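# Examining the three-dimensional arrangement
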Amino acid sequence: MANGELGLQGIAKTFRVDGRLLPALDGIDLQVTPGEFITIVGASGCGKSTLLRIIAGLETDHAGAAVHDGKTIRGPSLARGLVFQEPRLFPWLTVEANVALGLENAGLSRDAKRAAVSEHIALVGLTGFENAYPRQLSGGMAQRAAIARGLVNRPGVLLLDEPFGALDAFTRTHLQEELQGIVAREGITAVLVTHDVDEAVYLGDRVVVMAPRPGRITRIVAVDEPRPRSRTAAALLHKREAVLAALDSGGRGRPEPRRLDAPDEPLRQPAAAIALQGAA
Amino acid sequence: MLSEFAMSRTTATRIRRGLTLPVLLLIVWEAASHGGLVDPRFLPPLERLAGTAWREATEGRLLGDLAASLARDLVGFAIGTVLGLGFGTLLGVSRGAERLLGPIFHAAKQVAVLAWIPIISVWFGFAETAKIVFVALAAFIPVALNTLEGVRSASVQLVEVGRALRFSRWQIVRRIFLPSAAPAILTGVHLALIYAWLATVAAEYFMTVGPGIGGLIIAGRERFQMDLVMLGVVILGCVGFALNQAATAIEARALRWRGA
Ligand SMILES: Nc1ncnc2c1ncn2[C@@H]1O[C@H](COP(=O)(O)OP(=O)(O)OP(=O)(O)O)[C@@H](O)[C@H]1O
Ligand SMILES: [Mg+2]
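Please read all numbers here as calculations on a predicted model, not as lab measurements.

Below, the discussion takes up the packing of helix α3 (residues 62-93) of chain B against helix α9 (residues 213-222) of chain B. All names here are of chain B. Following both chains from N to C, one finds α3 and α9 inclined at 135°, their axes separated by 7 Å at the closest point. One finds that α3 runs oblique with respect to α9. Of the residues in α9, those in contact with L62, D65, L66 and S69 of α3 are I213, G214 and L216. Among the residues forming the contact of α3 with α9, the class breakdown is 4 nonpolar, 2 polar and 1 charged.

Below you can see the structure in the form of structure tokens.
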């Protein structure tokens with residue numbers, strides 16, 4: 001099993017929007033130990049998805065270094081799985097075939113693939129929908145299929161971008177448990193972005209709090225509570241307060257939960273952000 | 001039950017509507033040629049047409065001509081479609097290919113297809129090869145164009161999923177670009193099927209006379225046998241209609257994932 005150690009040193013990323021420079025991330029430093037569960041919270045637009053994409057290797061044009069098990073990340077790898085913020089299912093494939101995409105290059109036998117696929121479809125509660133097409137799924141069901149696609153390959157590092165945002169409370173709780181179980185059993189290193197502070201505290205060994213313009217880490221809250229955790233444990237409520245306070249002191253208010261299918265919000269005052277950043 | 005009933009009724013209505021005009025035309029045709037409205041030498045009555053059809057089919061060259069035309073059509077169509085698919089995909093996937101071949105292609109596609117006949121005749125002679133090249137060209141253009149558009153319209157987000165899953169270039173083409181392009185490709189193939197048939201007729205008209213429905217019509221014109229000419233025209237129409245129906249059915253089946 002791969003170690004799953006991650007190192008981020010001085011990560012900075014600037015987008016060019018309309019000829020203007022928009023600093024999305026600046027000075028991100030973070031060391032993640034193998035098997036650690038990191039959760040990230042922060043206001044919309046503070047660069048959480050961008051950070052995950054950098055770790056995934058989809059975004060390579062950035063400053064600073066992203067290192068996975070001692071090797072600089074220069075592109076995607078099957079050792080790092082990414083569940084995108086949107087389901088991104090292939091509309092012409094059934095649920096089953098979509099999940100199997102995760103194993104396309106895994107080099108498993110046909111039978112092993114089939115077994116893994118149906119196991120993960122059951123895991124996310126989509127049994128009976130194997131042959132459904134994405135257009136026949138609800139938003140939450142589509143997201144669950146995407147989670148199954150991300151998990152099926154059992155990557156050493158699992159990156160999840162608001163995976164449970166579109167789910168009902170019951171399914172969300174169930175999948176949180178399942179995810180936590182898999183990650184613990186297999187020693188997977190997980191980085192999960194969420195807008196839900198309770199979720200961040202419940203799942204995370206450490207909660208990374210980010211603030212926008214430019215996206216940066218303002219605080220890291222360690223949650224030492226042993227697992228299995230009780231959602232109502234006093235220690236967790238305590239950490240929750242700490243995270244909320246850190247979010248507030250970021251000066252941007254608390255993150256509001258967003259619907260998954262809501263359109264991305266327009267860039268807010270990039271000019272001001274640029275002025276702040278100078279010609280970085 | 002109710003919806004089934006409703007469906008069969010709409011189907012019946014659709015068929016009735018579709019048949020109304022052709023049947024009316026046939027009646028007018030029949031009445032006109034019998035009623036002395038037109039010279040029956042110009043517009044032979046239907047029963048004479050049927051008689052000619054029967055005679056030509058049993059002892060004449062009709063079936064041979066039809067087979068020759070269809071073979072020409074399908075061979076040209078197949079060649080043009082395969083090449084168009086490859087060419088369109090290449091242009092859609094590779095920036096280098098687009099830069100190198102794109103301008104020529106986009107200029108060439110503006111030339112009316114009939115205008116290629118003299119060039120193809122010079123390059124490939126007037127015989128069978130030239131006809132098939134012409135039919136293939138007629139099929140190639142819509143397939144290449146629609147494939148290109150389709151591949152271009154592939155979602156960047158899905159390509160990223162492929163990249164994250166370490167798809168090879170070929171896997172990205174086969175698993176993402178081509179399925180994304182499938183609706184456009186099928187439109188192109190559908191058009192190609194129609195254009196190829198038109199081109200078959202055009203080739204038979206404008207290139208050397210040989211076996212084929214076009215040849216049959218020319219023969220009818222030269223001998224002033226209007227019934228033969230009309231027969232040829234009716235067959236051209238029927239084949240075109242059948243090809244169109246088949247393409248529509250295949251398209252609907254292949255794109256089931258898009259739903260209603
Ligand atoms: N491809 C891009 N081109 C230009 N700007 C981008 C691009 N991707 C992201 N950005 C900008 O970078 C900033 C960070 O975006 P990112 O998607 O990482 O935010 P986020 O923290 O994930 O937000 P959310 O919680 O809404 O998902 C935003 O201001 C966004 O407009
Ligand atoms: Mg995001």
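Anyway, onward from the coordinates.
Let us now look at the nonpolar core. Core analysis: the largest hydrophobic core is formed by 82 residues, its most contacted members being A:L8, A:I40, A:L51, A:F90, A:L159, A:M210 and B:F134. The greatest single-element share of this core, amounting to 16 residues, is contributed by helix α8 (residues 169-206) of chain B. The next biggest cluster of nonpolar side chains, apart from the first, holds 50 residues, and it includes A:V83, A:I121, A:L158 and A:A233.

Moving on, we come to the pattern of salt bridges. All names here are of chain A. Under the counting rule described, the total for this entry stands at 22 salt bridges over all chains. Across the salt bridge formed by E59 and K13, the nearest N and O atoms sit 3.7 Å from each other. Of this pair, E59 sits in the loop between α1 (48-56) and β4 (63-68) while K13 sits in strand β1 (residues 6-17), placing them 46 residues apart in sequence. Taken as a pair, E59 and K13 share a single burial class, namely buried. Taking the shortest distance from any N to any O, the salt bridge between R172 and D196 comes out at 3.9 Å. Taken together, the residues span a long stretch of sequence, with R172 in helix α5 (residues 169-186) and D196 in the loop between β8 (189-193) and α6 (197-203) at a distance of 24 residues.

A word on the interface of chain A and chain B. Contact with chain A, which involves 20 residues of that partner, is made by 19 residues of chain B. Counting the surface lost from both chain A and chain B, the interface buries some 2,000 Å², and carbon and sulfur atoms represent 59% of this. Looking only at chain A, the three residues that lose the most surface to chain B are A:R88, A:F90 and A:W92, adding up to 31% of its buried area. The interface formed by chain A and chain B holds 4 salt bridges in total. Between B:R175 and A:E104 there is a salt bridge; the shortest N-O distance is 3.2 Å. Across the contact surface, chain A and chain B share 10 residue pairs in polar contact (both at pLDDT 80 or more). Counted by class, the side of chain A that touches chain B contains 11 nonpolar, 3 polar and 6 charged residues.

The subject of this paragraph is the confidence of the model for chain A. Looking at chain A, the pLDDT average stands at 88 and 88% of residues meet or exceed 70. Of the regions scoring below 50 in pLDDT, residues 256-280 of chain A engages in 32 contacts with residues more than four places distant in sequence or in other chains.

Glancing now at the packing of aromatic side chains. What the rule picks out here adds up to 5 aromatic pairs over all chains. Between A:F90 and A:W92, the ring centres sit 5.5 Å apart and the planes meet at 50°, which makes this aromatic pair tilted. Taking the relative accessible area as the measure of exposure, A:W92 reaches 12% and is therefore buried. Ring geometry for B:F87 against B:F105: centres 5.2 Å apart, planes inclined by 65°, an arrangement best described as edge-to-face. Of this pair, B:F87 sits in helix α3 while B:F105 sits in helix α4 (residues 95-108); the two residues are 18 residues apart in sequence, bridging distant segments of the chain. Comparing B:F87 with B:F105, the two get one shared label, buried. Of note, A:R231 hangs over the ring of A:Y202, and the distance from its end group to the ring centre comes to 3.9 Å.

This part takes up a nonpolar patch on the surface. All names here are of chain B. A cluster of nonpolar side chains, I15, L19, L21, V23, L24, L25 and I27, forms an exposed patch at the surface whose accessible area comes to about 680 Å². Inspection of the secondary structure assignment puts L24 in helix α1 (residues 2-34). A residue is classified by how much of its surface remains accessible, and L24, at 47% relative accessible area, is partly exposed.

With that settled, the discussion passes to empty space enclosed by the protein. Following the criterion strictly, the structure yields 5 cavities of 30 Å³ or more and no others. Taken as a whole, the largest cavity spans an internal volume of roughly 150 Å³. What lines the largest cavity is a set of 18 residues, and nearest its centre among them are A:G81, A:L82, A:R149, A:G150 and B:L165. Every element with two or more residues in the lining of the largest cavity is listed here: β6 (80-83) and α4 (139-151) of chain A together with α7 (156-164) of chain B. Examining the composition of the lining of the largest cavity, we find that 4 residues originate from one element, β6(A), more than from any other. Looking at side-chain class alone, the lining of the largest cavity contains 10 nonpolar, 5 polar and 3 charged residues.

Let's shift gears to the sheet that holds strand β10 (residues 216-222) of chain A. The strands that make up a sheet are held in pairs by hydrogen bonds between backbone atoms, and each pair lies either parallel or antiparallel. All names here are of chain A. Spatially, 6 strands are ordered β6-β7-β8-β3-β9-β10 in an open sheet, and the strand pairing comes out mixed. On the outer flanks of this sheet lie β6 and β10, each paired with one strand and no other. Put simply, the sheet's adjacent strands are angled 15° from each other on average, direction ignored.

We now examine the coordination of the magnesium ion (ligand 2). Each protein donor to the magnesium ion (ligand 2) is listed here as A:S49 (OG) and A:Q85 (OE1); together their distances run 1.9 to 2.2 Å. With A:S49 in helix α1 and A:Q85 in the loop between β6 and α2 (95-100), the pair connects residues that are 36 residues apart, well separated along the chain.

Once that is clear, we can look at the sheet that holds strand β2 (residues 20-32) of chain A. All names here are of chain A. Pairing is antiparallel in the open sheet, where 4 strands are placed in the order β2-β1-β4-β5. The open sheet has two edge strands with one neighbour each: β2 and β5 (71-72). Where β1 and β4 come together, 5 bridges link them in antiparallel fashion. Looking across to β4, one finds that G7 is bridged to V67. Contacts from α1 reach β1, β2 and β4 within the one sheet, and its direction differs from that of β1 by about 120°.

Thresholds, definitions, all that
- Numbering of residues begins from 1 in every chain and follows the order in which that chain's sequence is written.
- Going through the entries in the order they are written, you letter the chains from A and number the ligands from 1.
- Side-chain atom pairs in this predicted model are given and counted only at pLDDT of 80 or more, local residue features only at pLDDT of at least 70, and totals for whole chains, interfaces and linings cover all residues.
- To obtain the side-chain values, all non-hydrogen atoms of the structure were included, while hydrogens and water were left out.
- Comment: axis = line fitted to C-alpha atoms, over the contacting stretch for helices; angle = value between 0 and 180 degrees taken between N-to-C directions.
- The secondary structure listing takes helices from DSSP runs of H or I that are at least 4 residues long and strands from runs of E that are at least 2 residues long, numbered from the N terminus.
- An angle below 35 degrees is treated as roughly parallel, one above 145 as roughly antiparallel, one from 65 to 115 as roughly perpendicular, and anything else as oblique.
- Here, residues are in contact when the closest pair of their heavy atoms is within 4.5 Å.
- Amino acid classes used here: Ala, Val, Leu, Ile, Met, Phe, Trp, Tyr, Cys and Pro are nonpolar; Asp, Glu, Lys and Arg are charged; the rest, including Gly, are polar.
- The criterion is simple. A nonpolar core is a set of buried Ala, Val, Leu, Ile, Met, Phe, Trp, Tyr and Cys residues joined through side-chain atoms within 4.5 Å.
- Each residue is placed in one exposure class: buried if its accessible area under a 1.4 Å probe, protein chains only, is under 20% of its type's maximum, exposed if it is over 50%, and partly exposed if it falls in between.
- Salt bridges, as used here, are contacts in which a Lys or Arg side-chain nitrogen is within 4 Å of a carboxyl oxygen on Asp or Glu.
- Summed over both partners, the accessible area (1.4 Å probe) lost when two parts come together is defined as the buried area.
- The term polar contact refers here to a pair of N or O atoms within 3.5 Å; inside protein, the definition further demands a hydrogen-donor-capable atom paired with an acceptor-capable atom, and it admits residues adjacent in sequence only when both atoms are side-chain atoms.
- What pLDDT conveys is the predictor's confidence in a given residue, as a value from 0 to 100.
- Each aromatic pair joins two rings of Phe, Tyr and Trp (for Trp, the six-membered one) with centres within 6.5 Å, and gets the label stacked for planes under 30 degrees apart, edge-to-face for over 60, and tilted for any other angle.
- Note on criteria: charge over ring means Lys NZ or Arg CZ within 6 Å of the ring centre, with the direction from the centre no more than 35 degrees off the ring normal.
- Patch membership is restricted to residues that have no salt bridge and whose relative accessible area is over 30%. Joining uses 9 Å for like charges and 5 Å for the nonpolar side chains Val, Leu, Ile, Met, Phe, Trp and Tyr.
- Here, Shrake-Rupley sampling with a 1.4 Å probe gives the accessible areas, and only protein chains in the shown set may cover a residue.
- In the cavity and pocket records, a cavity denotes points on a 1 Å grid over the protein atoms alone where a 1.4 Å probe fits but cannot get out, a pocket denotes an open set with protein on both sides within 12 Å along at least 5 of 7 lines, and lining residues are residues with an atom within 4 Å of a point.
- Grid points are joined across faces, edges and corners, and a volume is the space filled by probe spheres set on the points.
- DSSP-based pairing: two strands are paired if at least 2 bridges between them are found.
- Think of the donor list as every N, O and S atom within 2.8 Å of the metal, or within 3.2 Å for Na, K and Ca; water never makes the list, so a site can look incomplete.

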